[in-house]
Amino acid sequence: QVKLVESGGGLVQSGGSLRLSCEASIRTSGRTFSSYSMGWFRQPPGKEREFVGTISWDAGNTYYADSVKGRFTISRDSAKNTVYLHMNKLKPEDTAIYYCAAAIRLADLLINIGDYWGQGTQVTVSS
């Protein structure tokens, strides 16, 4: 199975930057970190969870929601079994609980389906 743990959330002023991390622990036979595409999602207060972005198993492809494109960047480090979300030029509307997810199929992440999910980390952007 796969355990995902997010970290790096906190309070930041509008226009600032923050980096979130998601460390994966892989215990499924025959699977490694590179077996999975990874995704980031967020849930603003009072709203449903929404797609932020994804990165393929080999980091060769990334996809982003229009709301964050050009401001957020996803990367992954196979040596650390970790995926990152680099957030720049943050806005108050970016305030949300941020979740990471793992999936065998990247296409699943694009439609908000994950095989495994983390517990989330809070990001608050002040005006």
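From a predicted model like this one, the values you see are computed outputs, not experimental measurements.

> Talk me through the overall build of the protein chain; I want residue IDs and the actual numbers.
What the protein chain contains, in helices and strands, is one helix and eleven strands. Each helix (α) and strand (β) of the protein chain, taken in turn from the N terminus, gives the series β-β-β-β-β-β-β-β-β-α-β-β. What you see for the protein chain is a C-alpha radius of gyration of 14 Å, in line with the 14 Å of a compact globule of 127 residues. By principal-axis analysis of the C-alpha atoms, the protein chain measures approximately 45 × 25 × 25 Å. Counting every position in the protein chain, which comprises 127 residues, the buried fraction comes to 43%. Across the protein chain, every contact between residues at least 6 apart in sequence was considered, and the portion connecting residues at least 24 apart equals 58%.

> Would you mind going over the sheet that holds strand 3 (residues 18-26) in detail, with residue names and values included?
Sheet architecture is open: four strands sit in the order 1-3-8-7, paired in antiparallel fashion. In the strand order of this sheet, the two ends are held by strand 1 (2-7) and strand 7 (72-77), each with one partner. Neighbour-to-neighbour, the strand axes of the sheet open up by a mean angle of 15°, direction not taken into account. Here strand 1 runs beside strand 3; their pairing, made up of six bridges, is antiparallel. Across the sheet, residue Leu4 finds its bridge partner in strand 3, namely Ala24.

> Tell me what's going on with unusual backbone geometry, and back it up with residues and numbers.
Positive phi, close to 65°, is recorded for Ala59, a residue that is not glycine. Turning to its location among the elements, Ala59 is positioned in the loop between strand 5 (50-55) and strand 6 (62-64). Judged by its relative accessible area of 39%, Ala59 is partly exposed. With a phi close to 50°, Lys89 is a non-glycine residue in the positive phi region. Take Lys89: it is sitting in the loop between strand 8 (82-87) and strand 9 (96-103).

> Can you break down the state of the cysteines residue by residue, with the values?
Considering all chains together, one arrives at one disulfide under this definition. Disulfide partner of Cys22: Cys100, at an S-S distance of 1.9 Å. Across the S-S bond linking Cys22 and Cys100, the dihedral sits near 50°, which makes this disulfide right-handed. Separated by 78 residues along the polypeptide, Cys22 in strand 3 and Cys100 in strand 9 bring together distant segments of the chain. For Cys100, a relative accessible area of 0% translates into the label buried.

Reading the values: the criteria
Residues numbered from 1 in each chain as written. Predicted model: local features only at pLDDT ≥ 70, side-chain atom pairs only at ≥ 80, totals over all residues. Heavy atoms only, no water. Helix = DSSP H or I, 4+ residues; strand = E, 2+ residues; numbered from the N terminus. Rg over C-alpha atoms; globule rule 2.2 N^0.38 Å. Buried < 20%, exposed > 50% of the residue type's maximum accessible area, 1.4 Å probe, protein only. Contact = heavy atoms within 4.5 Å. Pairing = 2+ DSSP bridges. Axes fitted to C-alpha atoms, helices over the stretch in contact; angles between N-to-C directions. Disulfide = S-S within 2.5 Å.

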